[in-house]
Every structure is written in structure tokens, then in C-alpha cells.
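# Close look at the chain arrangement
Each chain is listed here by its residues.
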Number of protein chains: 2
Amino acid sequence: MDQADVVVVGAGLAGLVAARDLLAAGRSVRVLEARDRVGGRLLNHDLGAGAIVELGGQWVGPTQLQALELVRELGLATHPTHADGQHLFERGGRVTRYRGAIPRISPAVLADVAQAQARLDRMARRVPLDAPWRAPAARAWDGQTAETWISRACLTAGAKDLFRLGVEAVWAADAADVSLLHLLFYTHSAGGFDALIGTEGGAQQDRIVGGSQELALRLAARLGEGVVRCSAPVRRIAGDVVEADGISVRCDAVIVTIPPTLAGRIDYDPPLPGLRDQLTQRMAQGSVVKCMAAYDEPFWREDGLSGQATSITGPVKVVFDNTPFGDGRPGVLLGFLEGNQARELGDWDAGARRTAVLDGFARLFGERARNPIGYVEKVWADEPWTRGCYGCFMGPGAWTSVGRALRAPVGRIHWAGAETATVWSGYMDGAIQSGRRAAAEVIENCP
Amino acid sequence: MDQADVVVVGAGLAGLVAARDLLAAGRSVRVLEARDRVGGRLLNHDLGAGAIVELGGQWVGPTQLQALELVRELGLATHPTHADGQHLFERGGRVTRYRGAIPRISPAVLADVAQAQARLDRMARRVPLDAPWRAPAARAWDGQTAETWISRACLTAGAKDLFRLGVEAVWAADAADVSLLHLLFYTHSAGGFDALIGTEGGAQQDRIVGGSQELALRLAARLGEGVVRCSAPVRRIAGDVVEADGISVRCDAVIVTIPPTLAGRIDYDPPLPGLRDQLTQRMAQGSVVKCMAAYDEPFWREDGLSGQATSITGPVKVVFDNTPFGDGRPGVLLGFLEGNQARELGDWDAGARRTAVLDGFARLFGERARNPIGYVEKVWADEPWTRGCYGCFMGPGAWTSVGRALRAPVGRIHWAGAETATVWSGYMDGAIQSGRRAAAEVIENCP
């Protein structure tokens with residue numbers, strides 16, 4: 001039986017930041033991690049010769065101040081997401097080129113998107129970030145899906161398609177899955193819908209040199225010997241003892257940082273209150289398959305293309321040039337299967353899925369895209385210690401019924417993780433905020 | 001290490017029926033049950049002197065043929081739910097009396113309820129019971145909440161309130177929580193909305209003499225020595241070994257009968273496919289607190305009242321005379337806190353909750369209701385081995401994205417439980433169907 005002031009469950013960003021703050025405050029800490037590595041939903045992959053891409057979260061945006069501060073503090077650098085050149089937009093079998101943020105679609109659709117987005121942003125600002133259920137129209141907004149709102153707020157089929165795609169891209173869930181109130185909360189939490197979906201000025205603006213997992217690797221290295229214990233999935237929290245495979249730790253406080261749906265799978269003694277348990281039942285993970293194809297060089301750039309594409313057709317609906325920082329070799333196309341596309345194709349065998357993804361790349365960037373020199377993918381729903389991505393979302397009715405259990409400590413147990421953040425909920429930035437907040441709670445409560 | 005042809009996880013109706021069928025087909029069976037008793041969501045309670053009431057499921061209806069057959073087969077009898085006298089309807093501070101199925105509300109509201117219900121039943125018949133996602137309008141219906149449909153389909157506030165209350169009474173969830181497609185599937189599965197909400201002719205028509213848990217107790221007794229192992233929560237299914245507290249069993253096949261949300265908490269090796277895991281994330285439990293107050297006698301009968309009441313006011317919205325079979329002593333009033341009322345009051349301390357419930361009874365039946373000789377309640381969301389009731393529901397988007405994983409076997413693992421039924425899904429009848437279906441699957445696949 002090991003002993004520590006605080007046990008942190010999960011060595012993702014939230015857990016590692018919490019451990020750092022707790023150690024700085026003089027507390028002894030054990031971080032118990034189920035996987036054989038740190039980083040959680042951050043995962044670097046070496047394409048060969050040190051060309052690093054990420055299979056998980058990768059971007060930071062200019063208003064993600066906590067993430068940027070951590071990048072700086074850990075001696076890391078950022079570089080801009082490649083955006084030079086023309087972007088592509090595919091709909092109904094046609095591929096068109098455009099520059100800037102807005103595809104060349106009909107003015108009626110553009111006007112429709114603009115009016116709906118203005119309404120969305122206005123409603124979002126009325127959602128209190130620490131208590132979405134207290135929004136003035138909380139019950140009405142939580143009583144409907146994002147799909148219901150989109151189908152009413154947009155007048156054109158084109159605008160509806162774009163909004164649906166926006167939801168898929170941000171939540172890796174379909175507009176049918178997500179509560180309107182959650183859409184609004186999350187939008188407010190990010191500072192607006194443009195901030196969520198945008199590259200320049202938005203959440204996809206910058207990448208981290210060496211890959212985002214470096215944040216976790218460097219944080220873990222600084223915690224010192226014996227603080228982080230990998231391959232130690234926590235099975236049970238019984239009184240003041242946290243039981244993981246191969247190790248049990250007696251402690252004064254616990255910070256659980258894993259996604260709520262997985263937090264519900266731990267065996268608690270005494271059992272969690274019904275409300276908290278039901279929260280874990282109502283926050284399902286989105287679903288994403290992140291797919292990358294590597295080529296000798298980013299050949300699309302020679303064609304004047306940025307590598308960014310938006311496709312209503314799918315199954316790959318969002319594409320980026322994800323060429324690693326350096327000399328541009330290899331060139332990498334990144335495609336996301338999101339929401340129901342991920343659930344559908346995630347069930348296929350890997351070969352068929354690869355063919356479907358490369359078909360999509362070829363429609364957009366030409367036949368050369370069909371023959372990469374390397375290919376890598378991650379089906380996040382298959383990962384036992386994540387079970388989806390990008391994060392857990394609230395379906396209708398959840399915020400207004402069980403939402404208040406999201407951060408409320410239960411005895412000595414505190415809750416962190418990107419889903420529990422008020423600012424940039426669901427992002428690295430939110431994960432950092434949540435870890436700091438939970439550590440502060442513990443420091444205050446266990447003097 | 002024990003050994004058996006088949007391990008059944010959970011000794012509720014589904015599991016016990018499956019075990020019975022498997023034994024009859026010559027298979028050896030172990031039923032592993034987490035609780036120290038059989039019955040799952042069926043639970044008798046002795047009010048004293050053998051006056052039995054149920055803290056869980058209790059009713060059977062005339063079209064629940066599998067349940068009625070099991071009642072007969074086990075030598076049990078039914079008696080009608082007490083319905084003689086006038087029912088009460090409370091709305092906006094007023095209590096009115098009525099007879100038959102329909103409260104004395106304005107003809108406009110009645111007409112509105114009738115037209116909406118006719119539409120609902122018509123839509124419901126178009127949902128294939130074995131594949132709701134194949135309904136002609138599946139995506140549109142699954143893209144909205146029951147609340148969205150109610151607010152559009154009903155023209156009067158009165159009809160909206162009644163439909164919302166109907167959803168709460170049937171699913172123990174709010175109309176905001178439930179997918180319209182799920183509402184329609186469930187309605188079709190029961191044979192119509194009247195069958196779901198009705199007493200005479202409907203799902204609440206009859207009770208079982210001695211209490212519904214007798215079904216489970218008698219089934220278990222007939223399985224023979226050593227088949228059912230209680231206090232053995234299954235933690236892990238690794239290859240052909242099922243590991244529970246205190247016992248591991250090697251087997252050819254497993255039937256998991258526990259609610260999907262709890263099935264997701266078992267540790268599977270190899271891990272479940274992403275789609276199946278995500279199904280368990282998308283089927284949350286409803287929430288109900290079942291409350292019963294006992295009195296020397298059913299005094300309301302003397303006032304010409306049936307004991308049945310419907311209250312829009314709440315928090316107790318549905319009340320029944322639940323006097324046990326026998327000489328009418330004690331008289332019992334049964335009140336349900338459902339959906340958000342259960343989530344809200346389930347978080348209160350028991351004394352405050354009791355006061356709120358008895359306040360409601362007193363408004364309906366007079367001051368005498370405030371002073372029972374006995375009081376008993378069950379907060380089902382607090383139960384670690386159920387975590388809600390009456391069952392797991394589908395929020396929007398779930399049926400059309402992950403629904404196809406509901407019954408699909410994964411290797412040697414088969415799925416049963418009331419939620420997996422096609423007919424009377426969510427009811428005892430459905431649990432029995434599911435147990436028989438899963439047993440037949442195993443018998444066919446493991447000759």
C-alpha cells in the first residue's frame with residue numbers, strides 16, 4: 001500500500017497539470033494512468049526520420065491562453081497550420097476552389113449562414129459558463145437537438161448542410177446527437193462559433209513543433225521520479241484507497257480527470273450519489289477516426305492548393321495539410337471521419353476504410369493522392385481508455401437535469417478533465433484550466 | 001475456476017429465463033448476480049404481516065403474453081389494479097374528479113390529445129421493431145426530442161402537459177431527454193400509446209399476488225442447486241473466462257442481461273468494438289423514486305375515490321392505490337417521482353422527500369394522507385446495480401447511429417435484458433422475450 005496526499009486518476013493534460021500544481025503546493029502526489037504512456041487524447045506518431053504528426057488533439061488557437069502559456073513554459077514553439085493557397089469545397093459531385101474563410105457558394109446561402117450564426121452567437125452569450133442550466137431559456141434550448149435548431153434557423157439547404165458539418169467537425173457527433181443548449185454553451189466557452197471552426201484566428205490556427213504530446217511528456221518529466229505510474233488502470237475508489245492494477249494508494253483526496261463516461265466505470269465505495277452516476281450515463285463520447293496519408297512532398301501546394309478542404313459529400317468531410325514542421329517532407333494530408341461517418345466506417349475493416357478515405361482525397365486533390373507512401377489512422381472509439389473523441393457531449397435534457405453534478409466534489413473526490421472546463425471546454429486549454437481548478441479545490445480543502 | 005457451458009450475467013427475469021431455457025436444452029449454466037438476491041428491478045417489500053408491495057416493477061397487462069404465461073407456469077395469480085371509484089386530476093392548484101380513462105378537461109384539450117395521439121400511433125406503426133433505424137423517416141424522427149414533437153403536434157398547453165406527463169410516466173425521463181424515434185419504437189413495441197399508459201386494458205392492468213419478485217424467486221428455485229450465484233458482481237470477461245467477485249467461470253458462451261449502461265462498465269478483453277461500447281454510452285437510465293405510504297385502511301375508497309391520480313403540479317405526478325391483495329389492510333398509496341422530479345428530489349435527504357410526497361398525497365386525498373403508519377421508498381438511481389429505472393432510453397441520434405449494436409453478439413457474448421426486446425421493450429414481458437431469444441441464439445451457435 002502506497003501513500004500520498006493526493007491521487008490523480010489519468011495522466012492527460014488535466015491530470016499532469018493538477019499534479020504539477022499540487023507538488024508546487026507541497027503535496028505528495030501519485031498519478032495513476034491506465035495506458036503505458038502519458039498524454040491521454042494527445043498522441044504523437046513518428047512517420048519516420050523524426051517527422052512527427054499527432055493521432056489525437058493537435059491545434060492551439062490564439063485565445064487559448066492557458067495552452068499557449070504552457071507551451072511557452074515548457075520551452076515549446078508553435079507554427080501556423082498550413083493555409084497558403086486555395087481551399088476546396090465539395091458538394092453534389094462538384095469541387096470548387098476558394099480563398100479565405102468562406103467557400104464560393106451562392107450569396108443566398110452565405111447570407112443565410114451569416115444570419116443564423118449571428119443568432120447562434122447571440123444566444124450563446126446568454127449561457128452562463130459555470131451553470132448552463134441557468135440560461136434564461138435553458139429548458140427550451142435543452143429540450144431540442146442542434147439539428148432541430150439548424151433546420152428551423154436556416155432557410156436554405158446549403159446553410160443547413162454547412163451548420164451540420166460544423167457540428168460534426170467540432171463535436172465529432174451529429175447535429176441530431178447534441179443538445180442545442182450544449183451547442184450554445186460550448187460556443188460561448190470558446191468565445192464564438194468562428195473561434196470553434198476557424199483556422200486563422202480560431203481553434204485550428206497553430207500547431208506545436210514536435211507534436212502536442214510533447215506537452216504531456218515534458219510535464220511528466222518535470223514531475224520527478226515515481227509520481228506518474230503508467231499501466232495502472234484505476235478499478236476502484238474505496239474510502240481513502242485508490243486501487244489500480246498493481247498498485248493501491250491511500251490518500252486524502254482524489255482528482256478524477258478521465259472522461260465522464262469512463263469515470264462512471266470505476267467502482268466507487270461508497271457508491272456515487274445517483275445524480276453523479278447519471279451524469280456519467282448522459283455524457284457520451286463523440287466518435288472520430290483521424291486518418292493521415294503521407295506523400296514524398298505536399299504535391300497539392302504546386303497546384304496552388306492549401307490542402308484544406310470541406311466536403312459535404314464525405315465520408316471525409318474535413319481535410320487539412322498536416323505536413324510536419326520542417327522541410328516539407330513528407331507531405332501529409334489529414335482527413336477526419338466524424339460522428340456517424342466514424343461510427344459507420346469505424347466498423348469496417350481497415351483496408352476498406354483506407355480506400356474510402358483515399359478516394360475522397362483523390363476526388364479533391366487528384367489521383368496522386370491515391371498512392372501515399374505511408375498511411376496511419378486512429379479509431380478513437382476502439383481505444384479502451386478513451387472510447388471516442390474529441391470529448392463527451394451533452395444530449396438534450398442532460399445539462400438541465402444532471403449538469404450540476406459535473407464539477408461538484410463527492411466527498412474526497414474531485415472532478416477534472418477537458419469536459420469540466422468553463423473556458424474552451426473540450427480543448428487542451430480547457431483541460432489545463434480544469435486541472436488547475438481541481439488542484440486548487442484540493443489545496444483549499446486539504447490544508 | 002468453475003466451468004459451465006454458458007454464463008449468464010444478471011439474475012433478473014431475462015437472465016433466469018435464459019438459464020431455464022439453456023438448462024432445458026441440456027446446457028450447464030452459471031448465473032452470476034451482483035446483488036445478494038435475485039430479481040433485478042423486481043423487488044418485494046413486506047409492509048408487515050405478509051402484506052407485500054413492490055419497490056420495483058409490478059404490473060402486467062393483457063397483451064403481455066410472455067409475462068402472463070410465466071405467471072401461470074409458476075403457479076402465480078394476478079389481481080386487478082384497484083380502479084373502482086373516481087380518479088383525480090390536479091392542475092394549476094385545482095383538483096377535479098373523473099371516471100374512466102379521461103380527466104374532465106376542456107373539450108378542446110381532449111380533441112387535441114386525440115388528434116396528436118392518433119398521429120403518434122400512426123407514426124409508431126411505421127417503425128420496424130427489430131430495426132427502428134430503418135423506419136422511413138428514421139433520421140428526421142431521431143433528429144428531434146419527444147419534447148420538440150409534442151410542442152409542434154399539440155396545439156393546446158393542456159395537451160402538451162398531458163403528453164409530457166405521459167412520457168415521464170412511461171420512461172421515467174423527460175420529453176426533452178428522449179428521441180422521438182425511441183418514443184415511436186417503444187409505442188409500437190407495446191402495441192400503442194394507450195397500451196403504455198393505460199390501467200384497464202393497458203400495462204398497468206394487473207398485479208401479481210404475492211408480489212412480482214415471486215416470478216424471479218420461483219424461477220431461481222426451479223433452476224436447482226448451485227446454478228445462481230449471488231453477491232458475485234461480474235468485473236471482467238476475458239476470452240472464455242467470466243470473472244466475478246469470488247468466482248471465475250470458464251465457458252463457451254456468455255449472456256449479458258444487465259442494463260446496457262452497466263454492461264459498459266464490465267472490463268472486456270479483448271475490448272468491445274467501438275460501436276458496441278458507444279451504444280452503452282448512449283443508453284442512459286431513466287430515474288424514478290417509488291414511494292409508498294401505508295394507512296390503516298384505504299380511506300380514500302370511502303370518499304368514492306379510486307386512489308388513482310394524475311397531477312400536472314407534481315412533484316408526485318402519478319398516484320395509484322397499491323393496497324396489497326387481501327383484506328385491504330393496510331391501505332397503500334403509491335406515488336412516483338419520475339424523470340427530473342426524481343433527479344431533483346432524489347438528491348434531497350429522505351425526510352424532506354417524504355414530506356414533499358405526503359404533501360402531494362394530502363392535496364389529493366385530504367389531510368389524513370399526511371400521517372401514514374408506514375412509509376417506504378426506493379431511489380433507483382442510487383442502486384449501484386441498476387443506477388436508474390425503469391430502463392435505459394435512447395436520446396436523439398442513438399438509434400440511427402449505434403442502435404444496430406443493441407443485440408448483435410460480439411464473439412461469444414450475447415446480449416439480453418428488457419432493453420433488447422422488440423415486443424414490450426422495457427417491461428417484464430420484454431425481459432422474458434429477450435432471455436428466450438438470447439438462449440436460443442446460444443443453443444443454435446454452440447451445439
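Residues numbered from 1 in each chain as written. Chains lettered and ligands numbered in written order. Predicted model: local features only at pLDDT ≥ 70, side-chain atom pairs only at ≥ 80, totals over all residues.

Right, let's get into the interface of chain A and chain B. Contacts between chain A and chain B engage 38 residues on the former and 38 residues on the latter. Contributing elements (two or more residues each) for the side of chain A that touches chain B: helix H5 (146–153), helix H11 (274–282), strand S17 (283–285), helix H12 (340–345) and helix H14 (398–402) of chain A. With 6 residues, H11(A) is the single largest residue contributor to the side of chain A that touches chain B. Per-class residue counts for the side of chain A that touches chain B are 10 nonpolar, 17 polar and 11 charged. (Contact = placed C-beta atoms within 7 Å. Helix = DSSP H or I, 4+ residues; strand = E, 2+ residues; numbered from the N terminus. Nonpolar A, V, L, I, M, F, W, Y, C, P; charged D, E, K, R; others polar.)

So, on to the confidence of the model for chain A. Confidence in the prediction for chain A averages 97 pLDDT; 100% of positions are at 70 or higher. The ipTM assigned to the predicted complex is 0.97, against a pTM of 0.97. (pLDDT = per-residue confidence, 0-100.)

All names here are of chain A. When the terminal C-alpha atoms of helix H13 (residues 350–365) are compared, their 22 Å separation across 16 residues agrees well with the 22 Å that a helix rising 1.5 Å per residue should span. Every buried residue belonging to H13 is among Arg 353, Val 357, Leu 358, Gly 360, Phe 361, Leu 364 and Phe 365, and all of these are buried. Seen along its axis, H13 keeps its buried residues to an arc of 150°; they face one direction. Turned more than 90 degrees away from the buried face of H13 sit Gly 351, Ala 352 and Thr 355, all of them exposed. Downstream of H13 by one or two residues, Gly 366 has phi in the positive range, about 100°. (Expected span 1.5 Å × (residues − 1). Buried ≥ 20, exposed ≤ 12 C-beta atoms within 10 Å, placed from the backbone. Arc of directions from axis to C-beta.)

What follows covers the sheet that holds strand S9 (residues 94–98) of chain A. All names here are of chain A. Strand order in this open sheet of 7 strands is S9-S8-S19-S20-S21-S18-S22, and the pairing throughout is mixed. Of all the strands in the sheet, the pair left with one neighbour each is S9 and strand S22 (374–379). Taking the axes of each pair of neighbouring strands and ignoring which way they run, one obtains an average angle of 20° across the sheet. For strand S18 (residues 288–295) and strand S21 (residues 331–338), the ladder comprises 8 bridges, and the chain directions are antiparallel. Each bridged residue has a counterpart across the sheet, and for Met 292 the counterpart in S21 is Leu 334. Packing against the sheet, H13 makes contact with strand S8 (86–91), S9, S18, strand S19 (305–311), strand S20 (318–321), S21 and S22, and its axis sits at approximately 120° to S21. (Pairing = 2+ DSSP bridges. Axes fitted to C-alpha atoms, helices over the stretch in contact; angles between N-to-C directions.)

This brings us to the relation of the copies chain A and chain B. Of the two same-sequence chains, chain A is brought onto chain B (RMSD 0.0 Å, axial shift 0.0 Å) by a rotation of 180°. The operation mapping one copy onto its partner corresponds to a two-fold rotation axis. By C-alpha distance to the rotation axis, the residue of chain A lying nearest is Arg265(A), at 2.3 Å. Most of the interface of chain A is mirrored in chain B, where 100% of its interface residues again form contacts. (Least-squares fit on C-alpha atoms with pLDDT ≥ 70 in both.)

Right, let's get into the domain arrangement of chain A. All names here are of chain A. On domain assignment, one finds that chain A holds domain 1 (2–41 + 212–272 + 410–445), domain 2 (44–62 + 78–84 + 203–209 + 287–382) and domain 3 (106–190). Each of domain 2 and domain 3 has a C-alpha centre, and the two are 27 Å apart. Contacts between the two partners involve 11 residues from domain 2 and, on the opposite side, 8 residues from domain 3. Its residues assigned to classes, the side of domain 2 that touches domain 3 comprises 5 nonpolar, 4 polar and 2 charged. (Domains from an automatic or database assignment.)

Moving on, we get to the nonpolar core. Here is a general trend for soluble globular proteins: nonpolar side chains tend to be buried in one another's company. Formed by 146 residues in total, the largest nonpolar core has its most connected members in Leu13(B), Leu16(B), Ala18(B) and Ile255(B). Once you skip the residues sitting within four places of it in the chain, Ala18(B) turns out to touch Val8(B), Ile255(B), Thr257(B), Ala416(B), Gly435(B), Ala438(B) and Ala439(B). Core analysis: the second largest hydrophobic core is formed by 145 residues, Leu262(A), Val289(A), Tyr295(A) and Ala369(A) among them. (Core = buried A, V, L, I, M, F, W, Y, C linked by C-beta atoms within 7 Å.)

All names here are of chain A. For the pair helix H3 (residues 107–124) and helix H6 (residues 157–171), the least separation of the axes is 8 Å and the interaxial angle reads 50°. Relative to H6, the element H3 is oriented oblique. As for the relative orientation of H3 and H6, their crossing is right-handed in sense. Residues Val 109, Asp 112, Val 113 and Ala 116 of H3 touch H6, and the partners they reach there are Gly 158, Ala 159, Leu 162 and Phe 163. Broken down by class, the residue content of the contact of H3 with H6 amounts to 6 nonpolar, 1 polar and 1 charged. (Parallel < 35°, antiparallel > 145°, perpendicular 65-115°, else oblique. Left-handed = near helix turned anticlockwise from the far one by under 90°.)

Right, let's get into helix H3 (residues 107–124) of chain B. Residues and elements named next belong to chain B. For H3, spanning 18 residues, the distance from its first C-alpha to its last is 25 Å, which sits close to the expected 26 Å at 1.5 Å a residue. Taken as a whole, H3 has its buried residues at Asp 112, Val 113, Ala 116, Gln 117, Leu 120, Met 123 and Ala 124. Along H3, the residues classed as buried sweep out an arc of 125° about the axis, all on the same side. Of the exposed residues in H3, those oriented more than 90 degrees away from the buried face are Pro 107, Ala 108, Ala 114, Ala 118 and Arg 122. Buried residues in H3 make contact with helix H5 (146–153), helix H6 (157–171), helix H7 (180–190) and helix H8 (193–197).

Attention now moves to the sheet that holds strand S1 (residues 2–3) of chain A. Backbone-to-backbone hydrogen bonds pair the strands of a sheet. The strands run either parallel or antiparallel. Residue and element names in this part refer to chain A. Read across the sheet, 5 strands follow the order S1-S14-S13-S12-S16 without closing on themselves; strand pairing throughout is mixed. The open sheet is flanked by S1 and strand S16 (267–269), the only strands paired with a single partner. With 4 bridges connecting them, strand S13 (residues 241–244) and strand S14 (residues 247–250) associate as antiparallel partners. Note that in S14 the partner of Val 242 across the bridge is Val 249.

The subject of this paragraph is the pairing of strand S15 (residues 253–256) of chain A. All names here are of chain A. Burial along S15 is two-sided: the face carrying Ala 253 and Ile 255 and the face carrying Val 254 and Val 256 are both buried. Relative to S15, strand S2 (residues 6–9) runs parallel, the two sharing 4 bridges. Each residue of the ladder has a partner; that of Val 8, found in S15, is Ile 255. When S15 meets strand S24 (residues 413–415), the two strands line up parallel, connected through 3 bridges. In the strand pairing of S24, Ile 255 is matched with His 414.

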